[in-house]
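Now for the letters of each chain:
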Amino acid sequence: MKRVVTLGEIMLRLSTPGFERFVQADSFDVCYGGGEANCCVSLSNYGLDTRFVTKVPANEIGQSAVNALRRYGVDTDFIARGGDRLGIYFLESGASQRPSKVIYDRAHASIAEAKADEFNWDEIFADVDWFHFTGITPALSDEAAELTLAALKAAKEKGITVSVDLNYRKKLWSQKKAQEVMTGLMEYVDVCIGNEEDAENVFGISAADTDINKGEISHGAYEEVARQIIEKFGVKLVASTLRESYSASDNGWSAILFDGEKSYLSKKYDLRIVDRVGGGDSFASGLIYGLVTEMPYQEALEFAVAASALKHTIPGDTNHVSKEEVMALAGGDGSGRVQR
């Protein structure tokens, strides 16, 4: 069985019921999630051996976050305990022309103040095939950036394939800081995942003739962005999701993969969105699954896009679908008919 390790923050998510606004809500729905944690859950659901590395407070809230991972078979043995708190984010789900909103309350979270020497990297990366992180983790603090770098060095010493989802978050750091830090981390990366906004915000590389807000996408421009990333950082593969935002409720969804010589374009799904949070994570984990199990590139890409299309129909951060369900959609069964 293939083994994948991810490093990052798991947070408490407090979302307004249904489509209520923050100022309306008298209660919140509770779940736990975060970019790398979401990837672990998906990969476990697909049958892989997964391990999540983080730090949570040594209290009941920290334990609840750990329990949320354990229920899906994620290995939590290397989660450090300590620090003051678990990060929180508040979500107001948008609809039609009203966008979703996220408010962070994650300053001084345990993982943001964790040190690299709190983790035994030799044991963490024992018999591991793949390591995944996102641009969110080094954005949390200078300590988290140093922790990420230590993990990357340890992974590459063992010859482990490394992927990154750029995931630029303007509420966490500036474009200047992101470019400075991420440029130093990219030398350890084999597979780069992102979208047109990530590439522009983190690396200053933009996709010409593209306006996702108007539903205008130039596939050739995305290939050129991918080519520049490969030339600049020496990565092997670049994948970009292509989201066409018609409204908060309806999106076009597809993706492109470039290996330095050839582009692979997925089929496009027209989505009616239930919850878009975690959509990128479900794409990343689907692509990782396809690549680590040695699917051909086109097949891996179709698996990733189908997985993320399904995630958009599921409330919460994580993608509660099986490999068989993803394969069925990727194979063309998207009718949504009741299965009896």
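Above: the structure in question.
Source: prediction; values computed, not measured. Note on numbering: residues in each chain are counted from 1, in written sequence order. In keeping with the predicted nature of the model, local features appear solely for residues at pLDDT of at least 70, side-chain atom pairs appear and are counted solely at 80 or more, and the whole-chain, interface and lining totals rest on all residues. Only heavy atoms go into the side-chain values, all of them from the structure, while hydrogens and water stay out.

Draft legend 1. Molecular detail of the overall build of the chain. Across its full length, the chain holds 11 helices and 15 strands. C-alpha atoms define the radius of gyration in this analysis, and the globule rule sets the expected value at 2.2 Å times the number of residues to the power 0.38. Here the C-alpha atoms of the chain give a radius of gyration of 19 Å, agreeing with the 20 Å that 2.2 N^0.38 yields for 340 residues. Based on the C-alpha atoms only, the size of the chain along its principal axes is roughly 50 × 45 × 45 Å. Put simply, 68% of the contacts in the chain that link residues at least 6 apart link residues at least 24 apart. Using a 1.4 Å probe, the Shrake-Rupley method yields the accessible areas, and only the shown protein chains count as cover for residues. For the chain, the computed accessible surface area is about 14,600 Å², with 45% contributed by carbon and sulfur atoms. When the 36 basic and 51 acidic side-chain charges of the chain are each reduced to a single mean position, those positions are 3 Å apart. Labels follow the DSSP assignment, with helices taken as runs of H or I lasting at least four residues and strands as runs of E lasting at least two, numbered in each case from the N terminus. Any two residues whose heavy atoms approach within 4.5 Å at even a single point are treated as in contact. Only four residue types enter the charge count, namely Lys and Arg as positive and Asp and Glu as negative; His and the chain termini do not. The atom standing in for a charge is NZ when the residue is Lys, CZ when it is Arg, CG when it is Asp and CD when it is Glu.

Draft legend 2. Broad picture of the packing of aromatic side chains. Within 6.5 Å between ring centres, the rings of Phe, Tyr and Trp (the latter by its six-membered ring) count as paired, and their orientation is classed by plane angle as stacked under 30 degrees, edge-to-face over 60, tilted in between. Summed over all chains, the structure comprises 10 aromatic pairs. Taking the centre distance of 5.3 Å and the plane angle of 85° together, the rings of Phe 125 and Phe 131 count as edge-to-face. Accessibility assignment for this pair places Phe 125 and Phe 131 in one class, buried. Accessibility here uses a 1.4 Å probe with only protein chains present; expressed as a share of the type maximum, an area under 20% marks a residue as buried, one over 50% as exposed, and anything in between as partly exposed.

Draft legend 3. Molecular detail of the packing of helix H9 (residues 279-292) against helix H10 (residues 297-311). Fitted lines through C-alpha atoms serve as axes, helices being fitted only where they are in contact, and the angles separating the N-to-C directions of these axes extend from 0 to 180 degrees. Running from N to C, H9 and H10 cross one another at 150°; their axes reach a closest spacing of 7 Å. What the angle tells us is that H9 and H10 run roughly antiparallel. Of the two elements, H9 crosses H10, and the hand of that crossing is right-handed. Counted together, Gly 279, Ser 282, Phe 283, Gly 286, Leu 287, Tyr 289, Gly 290 and Leu 291 of H9 and Tyr 297, Ala 300, Leu 301, Phe 303, Ala 304, Val 305, Ala 307, Ser 308 and Lys 311 of H10 form the full contact between these two elements. Oblique is the label for any angle not covered by the other classes, which are roughly parallel (under 35 degrees), roughly antiparallel (over 145) and roughly perpendicular (65 to 115). By convention, the crossing between two helices is left-handed when the near helix turns anticlockwise from the far helix through less than a right angle, and right-handed when the turn is clockwise.

Draft legend 4. Molecular detail of the nonpolar core. For our purposes a nonpolar core is just a set of buried Ala, Val, Leu, Ile, Met, Phe, Trp, Tyr and Cys residues, chained together by side-chain atoms within 4.5 Å. Within the largest apolar cluster, 50 residues are counted, with the highest numbers of intra-cluster contacts made by Phe 125, Phe 131, Phe 133, Met 182, Met 186, Phe 203 and Ile 229. Mapped by element, the contributors of at least two residues to this core are strand E1 (3-7), helix H3 (121-124), strand E9 (130-134), helix H5 (142-157), strand E10 (161-165), helix H6 (175-185), helix H7 (196-203) and helix H8 (219-233). Sorting elements by how many residues they give to this core places H5 first, with 7 residues. Counting residues in each nonpolar core, the second largest holds 38 residues, with Leu 48, Val 191, Tyr 264 and Ala 330 among its members.

Draft legend 5. Region of interest: the side chain of Asp 275. Looking at the element boundaries, Asp 275 is found in the loop between strand E15 (269-272) and H9. Any pair of N or O atoms that falls within 3.5 Å is considered a polar contact. Within protein, one atom must be able to donate a hydrogen and the other to accept it, and sequence-neighbouring residues count only if both atoms are side-chain atoms. Within the structure, the side chain of Asp 275 is placed 2.9 Å from the backbone nitrogen of Gly 316, a separation counted as a polar contact. The contacts of Asp 275, once residues within four sequence positions are left out, are Arg 13, Leu 91, Lys 311, His 312, Ile 314, Pro 315 and Gly 316.

By themselves, these observations are geometric and do not establish any function.
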